[in-house]
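Each chain, letter by letter, is given below.
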Amino acid sequence: MTTIEEDVDDLGIYSLDPVLERFKGHLKYRSQKYVEQKMLIEKHEGSLENFAQGFLKFGFNRDDDGIVYRSGLQLHSQEAQIIGDFNGWDGSKYQMEKNKFGVWTIRIPDVGGKPAISHNSKVKFRFKHGNGIWVDRIPAWIRYATVDPSRFAAPYDGVYWDPPPSERYEFKYARPEKPMAPRIYEAHVGMSGSEPQVSSYREFADNVLPRIRANDYNTIQLMAIMEHSYYASFGYHVTNFFAVSSRSGTPEDLKYLIDKAHSLGLRVLMDVVHSHASNNVTDGLNGYDVGQGSQDSYFHSGDRGYHKLWDSRLFNYANWEVLRFLLSNLRWWLEEFRFDGFRFDGVTSMLYHHHGIDMGFTGNYNEYFSEATDVDAVVYMMLANCLVHNLLPDATVIAEDVSGMPTLCRPISEGGVGFDYRLAMAIPDKWINYLKNKTDDRWSMKDIVSCLTNRRYTEKCVSYAESHDQAIVGDKTITFLLMDQEMYTGMSDLKPPSPVVERGIALHKMIHFITMALGGEGYLNFMGNEFGHPEWIDFPREGNGWSYDKCRRQWNLVDTSHLRYKYMNAFDRAMNALDEKFLFLASTKQIVSSADEEDKVIVFERGDLVFVFNFHPENTYQGYKVGCDIPGKYRVALDSDALEFGGLGRVGHDVDHFTSPEGIPGVRETNFNDRPNSFRVLSPARTCVVYYKVNEESEADDGELTGADEDHEKAGVEDAADATGLNILVPAIVAELDADEDDDPDDDDEDYEMDGGWED
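Residues numbered from 1 in each chain as written. Predicted model: local features only at pLDDT ≥ 70, side-chain atom pairs only at ≥ 80, totals over all residues. Heavy atoms only, no water.

As annotated in an unreviewed UniProt entry, the protein chain carries the name 1,4-alpha-glucan branching enzyme and is attributed to Spirodela intermedia. The Subcellular location (unreviewed entry) field of the UniProt record for the protein chain holds the comment "Plastid, Amyloplast". Quoted verbatim from the Pathway (unreviewed entry) heading of the UniProt record, the comment on the protein chain is "Glycan biosynthesis; starch biosynthesis." (UniProt positions renumbered as here; feature names shortened; annotations may be inferred.)

S.K.: How would you sum up the packing of helix H2 (residues 24-45) against helix H8 (residues 375-391)? Please name residues and give values.
M.R.: Their axes nearest at 9 Å, the elements H2 and H8 cross at an angle of 55 degrees. Our classification of the angle between H2 and H8 gives oblique. Considering only the axes of H2 and H8, their crossing is right-handed. Residue-level inspection shows His 26, Tyr 29, Arg 30, Lys 33, Tyr 34, Gln 37, Lys 38 and Ile 41 of H2 in contact with H8, the latter providing Val 375, Asp 376, Val 378, Val 379, Met 382, Leu 383 and Cys 386. By residue class, the composition of the contact of H2 with H8 is nine nonpolar, two polar and four charged. (Axes fitted to C-alpha atoms, helices over the stretch in contact; angles between N-to-C directions. Helix = DSSP H or I, 4+ residues; strand = E, 2+ residues; numbered from the N terminus. Parallel < 35°, antiparallel > 145°, perpendicular 65-115°, else oblique. Left-handed = near helix turned anticlockwise from the far one by under 90°. Contact = heavy atoms within 4.5 Å. Nonpolar A, V, L, I, M, F, W, Y, C, P; charged D, E, K, R; others polar.)

S.K.: Quick rundown of the pattern of salt bridges? Include the residues and the values.
M.R.: Overall, the coordinates contain 53 salt bridges when judged by the stated rule. A salt bridge links Lys 260 to Asp 206, with the shortest nitrogen-to-oxygen separation between them at 3.1 Å. A residue pair is termed long-range when its members are at least 10 positions apart, and Lys 260 in helix H5 (residues 251-263) and Asp 206 in helix H4 (residues 201-214) qualify at 54 residues. Looking at Lys 260, the relative accessible area reads 24%, which means it is partly exposed. (Salt bridge = Lys/Arg side-chain N within 4 Å of Asp/Glu carboxyl O. Buried < 20%, exposed > 50% of the residue type's maximum accessible area, 1.4 Å probe, protein only.)

S.K.: Explain unusual backbone geometry residue by residue, including any values.
M.R.: Even without being a glycine, Thr 407 presents a positive backbone phi close to 80 degrees. Secondary-structure assignment places Thr 407 in the loop between strand S19 (396-399) and strand S20 (421-423). Here Leu 583, not a glycine, exhibits a phi torsion of approximately 55 degrees, which is positive. With respect to the helices, strands and loops of the structure, Leu 583 is situated in the loop between helix H15 (565-582) and strand S23 (590-596).

S.K.: Could you give me a rundown of the packing of helix H10 (residues 445-453) against helix H13 (residues 499-518), with the residues and numbers involved?
M.R.: H13 packs onto H10 with a crossing angle of 50 degrees between their chain directions and a minimal axis gap of 9 Å. When the interaxial angle is binned, H10 and H13 end up oblique. The interaxial crossing formed by H10 with H13 has right-handed handedness. Note on element contacts: H13 touches H10 through Ile 514, Thr 515 and Leu 518, opposite Val 449, Leu 452 and Thr 453. Taken together, the residues that form the contact of H10 with H13 break down as four nonpolar, two polar and no charged.

S.K.: Break down the sheet that holds strand S30 (residues 677-683) for me, with residues and values.
M.R.: As a general point, the strands of a sheet are linked pairwise by backbone hydrogen bonds and lie either parallel or antiparallel. Taken together, the three strands give an open sheet; going across it, the order is S26-S30-S29, and neighbouring strands pair in antiparallel fashion. The sheet is open, and its two borders are formed by strand S26 (621-628) and strand S29 (660-661), each paired with just one other strand. Note: S26 against S30, six bridges, orientation antiparallel. Across the sheet, the residue bridging to Gly 627 is Ser 678, located in S30. (Pairing = 2+ DSSP bridges.)

Encoded structure:
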């Protein structure tokens, strides 16, 4: 996984994608730089794993009878002190010493057999920089930071966190096994409660985790865990990288949450932000940048060190101590809190010197491998993935990248960057475009298929119809786009649904399900969207009068039995249960046999399941012919039109569908839609139905969500490390897609092109 072959001229990525041979010079340079950096670390630090234990050296650490504090990247500071509650904020007797590397150190002996700095007391690092001015900063490696809630815009204080054994949380449960495919529930702890206030880690653990488990997710992804002074930044302007967000509780409270998740069989990923840092001076790392050059700072100097759209600072990934800081940060969260992996935020910004600003990625390889690529950042991500997978071989690491850079999700041993998955970020943009700009009769089945399947062979994706991004203030959730004001008046199940509500619930189910089934090798849903949470997300800020009204989740909507939100939630649960039963997300077999523009029907196979999506607003098809691979008897596995999902119950679940052979065996052009067998189904308007092949040798089942056990091998389910996500489009459809000229001015082709397929 983590060792590049000695001959960097013959990387494994070339055999997977011959086009990469044209960029061998760039890829060789990248891989060689990684090898050299890793060898330097091993020479001077012993190993990459040792190097990533900076938290044992820097910041506050106990020794036998005292506390040692160290702070690095302070080469030009003239003097330094430690101040806090313990010394009345007078550092005159707590002067620090500096070595030749710019590391300041002080040892504070115990007093009366007890630590001189008491647990949960406030501390700061005070230093005098080149112009002779003293400044107070939160220690860079601080493990907890708090703010006085009674003071408006009060600065944060560092907190010395070293609880006694009686107050320290002890983990009780082992990490769950890595699933074949992640079904991810993206969540923000602070806005997870029903009340208009900040929710706590323990409230989330006790009240929300059971909901996630009940809906058959196997992974949660936690946002905004790292401390950030500005709540409305959604956690992306990090101020204190080793500290948990104190709004929701203490480090021990977060450990309780993660342990509770593990007890429920849920893995926990952390949304880690190493792409940039808060611009705050008093609260964050930016306060340590006092005019020194890039070689002596966490950040690049000048324009290269500033992200103009995010108003934040950009790391210098070539700096030895920055590498130590960031890699140690990953190890800290993995080991101290037992996270099971990471979702790396802002990877596109890291990959390129232009940070993706004003770039419309088209899939041309020259956009990925050129002088515009930030090789230092790429090498850091390779080191990060090497470290994480060495420490935790079953870790899951996901890249948030919109550019579609080839090799991002291939193993480092092949010359790849080493991520396990990338987010399929073009898919939600496509759905938003359709819902805002197209009437139902103008929806293109081929275009939908192209967007959902436009991902690289052997590089796995996590698909999603909407995440937190799509609901930020100024936009709406998919449900709200579909039903808008009728969500306030038309969701009662005590009266018939209006046409708007009937359409909205039907399309909500279909959009999320086809995204899951066809869009990737994993699936993600943002908290509340599983039941069609209305409106938008708006954190308290000056512009809304510091209101929390739109910064919460209205669980009462799905819990109220006479409201229709329960139907969307039930279908979400059934989608996940279908994958739990049949493991179709992990299958490398994905074949689209039909994308009929006139019928508005998409038919495809994932594993040995057959999916039929009828997007037509009016037409129901009796005896609709669908192609399949394996002959036999098929039954309904999942039906969006079932009464339990708010449908009309038009599809019979006790009906056996027997296949008929099509054409000459082995001669595809004589088959039906290039499939050797077919069967006929009832396909109502705006429904999706999944069929499974009945194992007639053991037919003692209930007719639904069964018959998968012996079919898994046929479905192409392999070991998780080898499930490469092979996607096959029937040649006839590919030809039609290539031949189509899109004359629709509302259609934004770049939405799906930017995920990067094979270069033409």
